[in-house]
Amino acid sequence: MRGGGIFGGAEAAAASRSRPQQRRGGWWTQQRQQVVKRRERWLVALGIALHAVYMLSIFDIYFKTPIVHGMDPVPQRISPPAKRLVLFVADGLRADKFFEQESEGKFRAPFLRSVIKDWGRWGVSHARPPTESRPGHVSIIAGFYEDPSAVTKGWKANPVEFDSVFNQSRHTIAFGSPDIVPIFCSNLPHSTWSSYHPDFQDFATDASFLDHWSFDQFRSLVNRSYDDPKLRKLLLQDKLVIFLHLLGCDTNGHAHRPYSSIYLNNVKVVDQIAEGVYNLMESYFKDNQTAYIFTADHGMSDKGSHGDGHPSNTDTPLVAWGAGIKYPRRLIPSSQSDDGFRFVDDHKHDMPTPIEWGLTGIERIDVNQADIAPLMATLVGLPCPVNSVGNLPLSYLRLSEAEEVEAALANAKQILNQFLCKSQLKQSNSLWFKQFKPLANYSYVLSQIEDLIAARDYKAAMKLSQILRSLSLSGLHYFQTYDWLMLMTTVTLGYVGWMVNLILHVLQSYTSFPRNDLWKKNQAFPLGITEQQVYLGGCLLMALFFIMLFLENSPPLYHVYVSMTIFLWTRIFCNYQFLKELWRELCSRTFSSNIKLLTIFVVAIFVLEFLVASFFERKLYTWCFLIVGLLAAIFVLIFIPGKLFLATYVWVACWFISIFTLMPAEIPDNNHLVTASGALIILIGMASRWFDLSSDRDKFWSYIGQFKEQKSCLFLVQALLVALSSAMVWLSTSHRAQKKGLLLVHQLINWSITGISIVLPLFSPTSLLSRLTSIFLGFAPPFLLLSIGYEAIFYSALALVLMGWTLVERANLYMTKDKGSSLHIGNLENSITGSHGERCLQLSDLRIPLIFPFLMAALLIFKLFIPFMLVICVFSAITKLIRVSRLGCYFLVILFSDVMTIHFFFLVRNTGSWMEIGNSISHFGIMSAQVVFILILFALTNIYTKDIEIPSLRLSSRKAM
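Values in this document were obtained by computation on a predicted structure and should not be read as measured data.

Sorry if this is basic, but what is going on with empty space enclosed by the protein here?
Gaps left between atoms are located by rolling a probe of water-molecule size over the structure's atoms. Summed over all chains, the structure comprises 6 cavities of 30 Å³ or more. As a volume, the second largest cavity reaches approximately 60 Å³. Forming the walls of the second largest cavity are 13 residues, and the residues nearest its centre are Arg 128, Pro 130, Pro 135, Gly 136 and Gln 369. Partitioning the lining of the second largest cavity into residue classes produces 5 nonpolar, 4 polar and 4 charged.

Have a look at this one:
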């Protein structure tokens, strides 16, 4: 069977070539190493550029604004049911706290409850995450959900101008928070508005006075109108919108939680304000031409937060009454089947009303939050906001059948206009335009609806209008994602091309794969093509795509994505001869060998997909460490007889670390754990030193233990610093408990401990175990000083697992040595390819970089820098132990990381809470940054690990004999 290098079986091939290579001299090796170094510098630079560029691609794919401009408003063709509208938004008011009864049987909102029972309509308004104040108010007033491109503004503002009910009104009056009211009114000329100073928002007091402020400002304005003819004329005109933003519930919910008496009392306050405004309006106008809508932008979780899609955050109350609103409808309670409809928060349609609300006998009309905007516009005869995607809830409106159809048609036309605008924009910039086929005959559908209305077939006209609206929304999504296929394909091919380049580099530079044609300047291509012609073809293809993208007015980054991908695949094709040899090598292998190769890669992909899943479910690591610990212990027992202690150690270490991913992500303060961990670190250091000193008694330990005499003073100093850092943690916590600041002398001591401890490992002995023990003790003091709870114990658990990894690798090397006897040792040393005594990479060596991404991904959960350093120090030591190139393993680490990067690329979210969206971006960004992050850490840890010395394999074998 032929085989070598990364395909396995490299020992025999290396042995057969060892003597001719030695006779050839060092000149060829030096030349080859220089070429490899140049390639690697270029490859690292290319990787950094590629990952930086492709990281930006998610903003062109997932975070493009859906808002377009240039549509004409669609006027209402019905008489407005109301002359004016009052909108109350109780910020942070959750539905259950509003509707449920108090313990004594009374209800918190008696006025609005009487409205629900006697002369209005009610339901639950379902908000879509992110359930935050700005997106919630935009949804209510403008009719669309969070603009994904707001991520570029840090979620603080809408980056694109948009239309709203306030814009369409004749005049808007608004009072409330400085964070909300200016969003809609600061640039609106036909508005009268005011907001309180931001300092009014005091989380230490009852914030209900903010709601009273809004009511007092509006009442003062109404009272001034009696003496101000101009103001009175403004109030008496039609199409007037009044907006009162009531922030009290949100502020009190954050500060005191929604179960607190302060929050629940604030519910009563907003009910009293709604009653006060109603009485004020009715006594002032006396024409029954005012419509009222009461709702909330989002709810509040039990912890006093909001943002995600939990029902406590998405379910908000909606009460409507006054002009144009239907009266309550009594129902006989009955079970209703699921009709498959889902609101934007994924809740079912016709959900049963909780019994504790006491409203089961009154019809409940739930809506999506964006549906409120067309409802308000229709009530006062305004065109729907041109960017709205809301569905007009006709069940709230008191209209005739003909008026309902006209209102529904206006709603559908408004969304259709957005679709047509997006379609025209895309068609004008596309060489090969693909229209949205379901709406290819939209004009015929419109004329058909008009004919049905003229024939008074209102049911058919209503059904067609609803279908038209639904198809228009689908068309909007179609054009919002129109470029996704091209961009995702380009970026994915780019990542795949990059990974293929990495594989080719590792095969050519770090394996014993036949290199007869590797360094030839002119490789043989089919049809007599030269390498220069291949690059020329790549440039021509790139130019062709540039012209096409230019004609389509594509953004500049589109050109960069395409050119990067074409360049990578051009380089792959330039390795045609090597790929041909590689294919010949695979074909010459036996079927069982190729099955083994395929199995190894499948297992590698499975491990990487497991790591992706662990980003979302950290408890997977618990099961992983439990299983790995058991398998590793069995491996040691089977292949290293007499090492029961080693097997037990590996098993216990893995099981010990498995408990940490079961602990809460929010680390609670525990000063005793931090102090105790200092003692545990010292004990681990003492045990490691004892093994180090006694390693020469056992041939297994002698390979990683000391082989030079060492002094104990350095160990004692490091142990003293660990103990001192534990004492400083206890002292600092005591001061904080007494509400005292940390003294300057304490700060100087802490900084001194940190600075000295991280330098001391540089002076430790260069044997593997001695240096790793010193690094472990050196990083411990700063880690303890930064710890607040159980993560201090985690540091020791991680060190035990890393040492277990080292010992298992030593066991694997020991097993291989015994199996191949002294002849194998000679073959192993003769297969060295690097200037630092490094051998060729083999297929079995894939486990080293694969375990490394596994541990690095695990540490991302803890977000700690020091454990990263510790992991890479052990990783570097293991590469020295098994004599493989650390840089070669680095490229394999990046290769494995990019498999995860591609997966995270497709998992980026542009909907959900800001945290969920941010986490999806972070996961993709973290994996993309590995090419730089790991390289930096390699450079830092090289300071500690570059002088680690491993005794000769032959010397170790002679000692054993």
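That covers the picture; the talk isn't over yet.
Got a minute to help me understand the pattern of salt bridges in this structure?
Any two side chains of opposite charge can pair, given that their charged atoms come close. All told, the structure shown has 23 salt bridges when counted by the stated rule. Here Arg 364 ties to Asp 366 by a salt bridge, and the two come within 2.7 Å at their closest N and O atoms. Taken individually, Arg 364 and Asp 366 each receive the classification buried, so the pair is uniform in this respect. Salt-bridge contacts for Asp 947 lead to Arg 771; the nearest nitrogen and oxygen are separated by 3.5 Å. Of this pair, Asp 947 sits in the loop between helix 34 (930-945) and helix 35 (953-960) while Arg 771 sits in helix 28 (residues 768-785), and the two are 176 residues apart along the sequence. The class for Arg 771 is buried, based on a relative accessible area of 0%. Salt bridges sharing common partners tie together Lys 97, Glu 100, Glu 102, Arg 108 and Lys 268.

Could you clarify how one ought to interpret the nonpolar core in this entry?
Within soluble globular proteins, side chains that are nonpolar generally end up buried alongside one another. Counting residues in hydrophobic clusters, the biggest one holds 131 residues, and the most contacted among them are Trp 498 and Tyr 795. The dominant element in this core, judged by the number of residues it contributes, is helix 29 (residues 791-830), at 17 residues. Sequence-distant contacts of Trp 498, defined by excluding residues within four places in its chain, comprise Leu 43, Leu 46, Gly 47, Leu 50, His 51, Leu 568, Ile 894 and Asp 898. With 69 residues, the next largest nonpolar core counts Ile 78, Met 376, Ile 415 and Phe 419 among its residues.

Explain the packing of helix 14 (residues 401-428) against helix 15 (residues 442-454) to me, please; I cannot follow it from the model alone.
Relative orientation and spacing of two packed helices are given, respectively, by the angle between their axes and the distance between those axes. Look at helix 14 against helix 15: their axes get within 12 Å of each other, and the N-to-C directions meet at 170°. Relative to helix 15, helix 14 is oriented roughly antiparallel. The segment helix 14 lies against helix 15, with Val 405, Glu 406, Leu 409, Lys 413, Leu 416 and Leu 420 engaging Tyr 442, Leu 446, Ile 449, Glu 450 and Ile 453. A breakdown of the residues in the contact of helix 14 with helix 15 according to their chemical character gives 8 nonpolar, no polar and 3 charged.

Looking at this structure, how should I read the packing of aromatic side chains?
The geometry of an aromatic ring pair is captured by two quantities: the separation of the ring centres and the angle between the planes. All told, the structure shown has 56 aromatic pairs when counted by the stated rule. When the ring of Tyr 62 is compared with that of Phe 905, the centres are 6.4 Å apart and the planes differ by 75°; the resulting orientation is edge-to-face. Of this pair, Tyr 62 sits in the loop between helix 2 (27-61) and strand 1 (84-90) while Phe 905 sits in helix 32 (residues 886-906), and the two are 843 residues apart along the sequence. Side by side, Tyr 62 and Phe 905 carry an identical accessibility label, which is buried. Arranged with centres 5.5 Å apart and planes meeting at 75°, the rings of Phe 660 and Phe 794 form a pair that is edge-to-face. On the criterion of sequence distance, the pair formed by Phe 660 in the loop between helix 23 (644-657) and helix 24 (671-693) and Phe 794 in helix 29 is long-range, its members being 134 residues apart. Each member of the pair, Phe 660 as well as Phe 794, is classed as buried. Cluster of aromatic residues (ring-pair linked, three or more members): Phe 88, Phe 98, Phe 99, Phe 111, Trp 119, Trp 122, Tyr 278, Tyr 292, Phe 294, Trp 321 and Trp 357. The ring of Phe 285 carries the charged tip of Arg 84 above its face, separated from the ring centre by 3.7 Å. One Lys or Arg, Arg 886, reaches over the ring of Phe 938 and ends 4.8 Å from the middle of that ring.

Rules behind the numbers
- Residues numbered from 1 in each chain as written.
- Predicted model: local features only at pLDDT ≥ 70, side-chain atom pairs only at ≥ 80, totals over all residues.
- Heavy atoms only, no water.
- 1 Å grid on protein atoms, 1.4 Å probe; cavity = no way out; pocket = protein on both sides within 12 Å on 5 of 7 lines; lining within 4 Å.
- Points joined across faces, edges and corners; volume = space filled by probe spheres on them.
- Nonpolar A, V, L, I, M, F, W, Y, C, P; charged D, E, K, R; others polar.
- Salt bridge = Lys/Arg side-chain N within 4 Å of Asp/Glu carboxyl O.
- Buried < 20%, exposed > 50% of the residue type's maximum accessible area, 1.4 Å probe, protein only.
- Helix = DSSP H or I, 4+ residues; strand = E, 2+ residues; numbered from the N terminus.
- Core = buried A, V, L, I, M, F, W, Y, C linked by side-chain atoms within 4.5 Å.
- Contact = heavy atoms within 4.5 Å.
- Axes fitted to C-alpha atoms, helices over the stretch in contact; angles between N-to-C directions.
- Parallel < 35°, antiparallel > 145°, perpendicular 65-115°, else oblique.
- Phe/Tyr/Trp six-rings, centres within 6.5 Å; stacked < 30°, edge-to-face > 60°.
- Lys NZ or Arg CZ within 6 Å of the ring centre and 35° of its normal.

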